[in-house]
Amino acid sequence: MIRPMRPAVAAFDAIAPVFDQRFGTSGSVAAQRRAVREAFLLEFPKSGFILELGGGTGEDAEFLARAGYEVFLTDPSPTMVALAKAKLSPFGARAEIATGEELEDFAARHLSKGGRLFDGAFSNFAPLNCVVDLGPVARGLAQLLKPGASAILVLFGTFCPGEMLTEVLHNRPDQAMRRWKRGPIQARLAKHDFPIVYHRRPALMRAFAPWFVLEKRLGIGVTVPPSAAEPWISHQPRLLSAMEAIDRRLSRPLAFLGDHVLYQFLRTTER
């Protein structure tokens, strides 16, 4: 019997065919993606075996594959995975349906089939905010990563002045304070409602202990605005370029103000 999709999966599966067209051309998204990719290249070992969680259509996986990494993409959306496979097949990279909530099951399958441990893992642009309980994600990654490997997880920030201003200017004041709310709140995409959680740093550290320790936290989009500022900000290339340069200076000291926050965890020797 085929189980129904989780609400968040159904939403992203519905928008998958136009996902790249909708977000791939946004200047703000591209600027934030560049900052995250710099972290990948800095932290992941050259030609390493890298796992992606919530990889969507495979944009970041393709980037790493082109850079010489061996990539294994996972995503809960069948349509996203099908699109990712088309992008990744020329590089021999793999893509498979797997949810964050069931990452322990994925780990058991991977290892039982003789799969290798990964040299690193990442999740970009907040798919883990659609996972209410991150415990299974942490336990699954603990089984899949080598000791000393990095897990780079990019989640929504919990206090984003850029989004607050954008939502007020769009006459959506009810949305300006949504990141302050604790616990699951309702989001909407492609006419689908689903819960998301704005995970806070203490909760993340509790979920990932004792298998991981937090090494680094960077703000992604401290001054670069969120995608809600599109398409206006994409028509201001000089302003956006200046914001991107400022972000590089402020990403560490003002990480808590980012539209997204990059959490870099180190896999410990804890079994």
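Residues numbered from 1 in each chain as written. Predicted model: local features only at pLDDT ≥ 70, side-chain atom pairs only at ≥ 80, totals over all residues. Heavy atoms only, no water.

Asks: Would you mind showing me how to read the pairing of strand β5 (residues 145-156) here?
Replies: Put simply, side chains in a regular strand alternate between the two faces of the sheet. Bridge analysis of strand β4 (residues 118-123) against β5 gives five bridges, and the strand direction is parallel. Among the inter-strand pairings, Phe-122 is bridged to a residue of β5, identified as Ile-152. As for the winding sense of the linkage, the β-α-β connection from β4 through helix α6 (residues 135-144) to β5 is right-handed. With seven bridges connecting them, β5 and strand β9 (residues 260-267) associate as antiparallel partners. (Pairing = 2+ DSSP bridges. Helix = DSSP H or I, 4+ residues; strand = E, 2+ residues; numbered from the N terminus. Right-handed = clockwise from strand over helix to strand, strands pointing away.)

Asks: I tried to follow the side chain of Glu-62 on my own but got confused; where do I start?
Replies: Structurally, Glu-62 is set in helix α3 (residues 59-66). Glu-62 gets classed as buried once you look at its relative accessible area, which sits at 17%. Apart from the residues lying within four places of it in its own chain, the contact partners of Glu-62 are Lys-87, Leu-88 and Phe-91. (Buried < 20%, exposed > 50% of the residue type's maximum accessible area, 1.4 Å probe, protein only. Contact = heavy atoms within 4.5 Å.)

Asks: Can you help me understand unusual backbone geometry in this one?
Replies: Leaving glycine out, the prevailing phi sign among residues is negative, and the prevailing peptide bond configuration is trans. Of note, the bond from Ala-209 into Pro-210 is cis; its omega dihedral lies within 30 degrees of zero at 0°. Within the element layout of this structure, Pro-210 appears in the loop between α9 (201-208) and β8 (212-220). Going from Glu-230 to Pro-231, the amide bond is cis rather than trans, its omega being 0°. Position of Pro-231 relative to the elements: it lies in the loop between β8 and α10 (237-250). Phi is positive for Ser-47, close to 60°, though the residue is something other than glycine. Its location among the elements puts Ser-47 in the loop between α2 (27-43) and β1 (49-53). Of note in the backbone geometry, Phe-125 takes a positive phi value of approximately 60° without being a glycine. As for its position among the elements, Phe-125 is in the loop between β4 and α6.

Asks: Mind showing me how you'd approach the side chain of His-110 here?
Replies: Looking at the secondary structure, you find His-110 in helix α5 (residues 103-112). Here the side chain of His-110 touches Arg-116 through a polar contact of 2.8 Å, landing on its backbone oxygen. The contact partners of His-110, leaving out residues within four places of it in the chain, are Phe-49, Phe-72, Gly-115, Arg-116, Phe-118 and Leu-144. (Polar contact = N/O pair within 3.5 Å; in protein donor to acceptor, adjacent residues only side chain to side chain.)

Asks: Explain the pairing of strand β7 (residues 192-196) to me, please; I cannot follow it from the model alone.
Replies: Here five bridges tie strand β6 (residues 185-189) to β7, and the two strands are oriented antiparallel to one another. Looking across to β7, one finds that Ile-185 is bridged to Ile-196. The turn linking β6 back onto β7 is made up of two residues, and Ala-190 within it adopts a positive phi angle of 50°.

Asks: Would you mind showing me how to read the nonpolar core here?
Replies: Across soluble globular proteins, nonpolar side chains show a tendency to be buried alongside one another. Grouped together as the largest cluster of nonpolar side chains are 31 residues, with contacts concentrated most on Leu-51, Val-137, Leu-141, Phe-208, Phe-212 and Phe-265. Counting residues per element, the ones that place at least two in this core are β1, α5, β4, α6, β5, α9 and β9. Ignoring anything within four residues of it in the chain, the contact list for Val-137 reads Leu-53, Gly-100, Leu-103, Leu-128, Val-131 and Phe-208. Phe-40, Val-81, Ala-93 and Val-154 belong to the second largest nonpolar core, which has 22 residues in total. (Core = buried A, V, L, I, M, F, W, Y, C linked by side-chain atoms within 4.5 Å.)

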